[in-house]
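Now for the letters of each chain:
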Amino acid sequence: MLPVFLAQWMKEKRSPYMVLIFIVLSIVATFLFGSHTETKLRIDAFSGEGIAAAEAEQWLDRLNEAGPFLFTMRSEENVIADVRQGRLEMAVKLLENDFRIISVRESGNANLVQQHMQSIYTEELKIKAAAQHSNDTKQIRDVMKVYLEQPPMSLQSSTPTGNALESYNMGLQLLFGFTLFLVIFTIGFKVNAVTAEKVSGIWNRVILSPVTKTQMYFGHLTYSTLIGIVQITIVFCLFKYVLGYDLGVNAAFLTIISVLYIISTVAMSMLFTGMFKTPEQFRGFFSSVVPMMPVLSGVYMPPGTITSEVMLWISEFFPIKHAMDALIGVSMYQQGWGDIYLSLAKLLLMTVIFFGIGINMVERRRA
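Residues numbered from 1 in each chain as written. Predicted model: local features only at pLDDT ≥ 70, side-chain atom pairs only at ≥ 80, totals over all residues. Heavy atoms only, no water.

Topic: the overall build of the protein
Along its length, the protein carries 16 helices and 4 strands. For the protein, buried positions account for 41% of its 367 residues. Long-range contacts, defined as pairs at least 24 residues apart, comprise 75% of the intrachain contacts of the protein with a sequence gap of at least 6. By element, 62% of the accessible surface of the protein is carried by carbon and sulfur atoms, the whole surface being about 20,200 Å². (Helix = DSSP H or I, 4+ residues; strand = E, 2+ residues; numbered from the N terminus. Buried < 20%, exposed > 50% of the residue type's maximum accessible area, 1.4 Å probe, protein only. Contact = heavy atoms within 4.5 Å. Areas by Shrake-Rupley, 256 points an atom, 1.4 Å probe, with all protein chains shown as cover.)

So, the pattern of salt bridges
Applying the stated rule across the entire model yields 11 salt bridges. Ionic pairing is found between Lys93 and Glu49, a salt bridge with its closest N-O pair at 3.2 Å. Here the residue Lys93 occupies a position in strand β3 (residues 91-94), and Glu49 occupies one in the loop between β1 (41-47) and α3 (53-63), the gap between them amounting to 44 residues. A salt bridge links Arg87 to Asp82; its shortest N-O distance comes to 2.6 Å. Overlapping salt bridges, with partners in common, bring together Arg42, Asp44, Arg74, Asp82 and Arg87 in one network. (Salt bridge = Lys/Arg side-chain N within 4 Å of Asp/Glu carboxyl O.)

Observations concerning the side chain of Glu55
Tracing the backbone through its elements, the reader meets Glu55 in helix α3. In this view, Glu55 contacts Glu96 and Lys128; residues no more than four positions away in its chain are not counted.

Re unusual backbone geometry
Working note: non-glycine residues mostly have negative phi, and peptide bonds are mostly trans. With phi around 50 degrees, Gln334 is a residue other than glycine that occupies positive phi space. In this structure, Gln334 sits in the loop between α15 (319-332) and α16 (337-366). For Gln334, a relative accessible area of 48% translates into the label partly exposed.

Here's the deal with the pairing of β1
Consecutive side chains along a regular strand alternate between the two faces of the sheet. With 5 bridges joining them, β1 and strand β2 (residues 69-73) adopt parallel strand pairing. Bridging from a neighbouring strand, Arg42 pairs with Leu70 of β2. Between the parallel elements β1 and β2, the chain passes through α3 in a crossover that is right-handed. Here β1 runs beside β3; their pairing, made up of 4 bridges, is parallel. What sits directly across from Phe46, in β3, is Lys93. (Pairing = 2+ DSSP bridges. Right-handed = clockwise from strand over helix to strand, strands pointing away.)

Quick notes on the nonpolar core
With 63 residues, the main nonpolar core has Leu180, Tyr261, Met270, Met293 and Ile320 as its most contacted residues. Residue assignment for this core shows that the elements contributing at least two residues are α2 (17-34), α7 (170-191), α10 (213-242), α11 (251-273), α12 (279-289), α13 (292-296), α15 and α16. No other element matches the 12 residues that α11 contributes to this core. Listed in part, the 18 residues of the second largest apolar core include Ile43, Ala45, Ala110 and Ile120. (Core = buried A, V, L, I, M, F, W, Y, C linked by side-chain atoms within 4.5 Å.)

Section: the environment of Ser343
Take Ser343: it is sitting in helix α16. Under the relative-accessibility criterion, Ser343 is labelled buried at 13%. Along the primary structure Ser343 and Ala323 are separated by 20 residues, whereas in three dimensions their C-alpha atoms are 6.9 Å apart. With near-sequence residues (within four places) excluded, Ser343 lies in contact with His322, Asp325 and Ala326.

Concerning the packing of aromatic side chains
In this description, a pair of aromatic rings is defined by centroid distance and the angle of the planes. Under the counting rule described, the total for this entry stands at 15 aromatic pairs. Note on Phe176 and Phe236: the rings are 5.7 Å apart at their centroids and 85 degrees apart in plane angle, and the pair reads as edge-to-face. Separated by 60 residues along the polypeptide, Phe176 in helix α7 and Phe236 in helix α10 bring together distant segments of the chain. Since its relative accessible area comes to 0%, Phe176 is described here as buried. The class for Phe236 is buried, based on a relative accessible area of 5%. Pairwise contacts between aromatic rings join Phe181, Phe185, Phe189, Phe272, Phe276, Phe282, Phe285 and Phe286 into one cluster. The cationic tip of Lys240 hangs over the ring face of Tyr241; the distance from NZ or CZ to the ring centre is 5.8 Å. (Phe/Tyr/Trp six-rings, centres within 6.5 Å; stacked < 30°, edge-to-face > 60°. Lys NZ or Arg CZ within 6 Å of the ring centre and 35° of its normal.)

Digging into the environment of Asn64
Its place among the elements puts Asn64 in the loop between α3 and β2. The class of Asn64 is partly exposed, set by a relative accessible area of 22%. Spatially, the C-alpha atoms of Asn64 and Ile120 are 9.9 Å apart, while their sequence positions differ by 56 residues. Not counting residues up to four positions away in its chain, the partners in contact with Asn64 are Lys40, Phe69, Leu70 and Phe71. Engagement of the side chain of Asn64 in a polar contact is seen with the backbone nitrogen of Phe71, the distance being 2.7 Å. (Polar contact = N/O pair within 3.5 Å; in protein donor to acceptor, adjacent residues only side chain to side chain.)

Dropping the structure here:
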């Protein structure tokens, strides 16, 4: 086994570009898509009739105090022109005691903006109405602020276990998703070396040496597993210790889930290898099918987005789906081994089935 393993390492040492490219792609994709989920949506605003510039700025500051939106003041002519020409999805018109949303098409964001502004305007107008019966407006605002911060009755929400509810971290999900997705390509192309050696005749020549066929399989598969673990480890360590990302999971959970996922992915790649006679056929099929796996598994979307029973059933056959369930469970919901054992068991089951069928298909096709 060791000579086969070292032979693969020497080839990697001469040309490490593929692994490096997929590592860089994991980092870049997370930055491009994951960081965007944590930024505020920019909304252009302009002042309407009957409102002074200073009052419009006060409304703007009030709207920007909280919420997922960042309101910026611009001239009415430029904003209207951008909306009409499609450069802006929407804009808002600030009035003295009201507002208007300017949009040329229906948008889900418009409803969110309306809800946010409606709550701010309602609260502010109540304070103004109360201040009309008092000469000290500032005192009224201070009293209302204290009342809102310390209300006589409050509601608290928690998880079934009593823990506090936390907002869903879509950026962390995308970090896990892109890392697990891109490592599939690295592993698949490494496992494809088995087909390449069989086609070129190297496999048959090595069999004549003291190295057995079992040792050859172990050499290839062990190297593919190790290179996948190295890639995931580099990406996770870089985000955690260099970029300061909170992965929200201890090393034991992260290691076990990642290793089981890597091994099941190696087994899946071996299954695909047994389906084709040449490395070129494998690469064409692999490059077409693998990008659909995270889409069907909901890796790029918030939980509950995919409701199709057919798509959910198909995703059960992809290791990335179960690895993502386990990683999200332990990182965002503080689940333990008893909560994620089913996902880990599915990874183990797929590993056994895929290896058994895949190696058998490889041997039969070459017989």
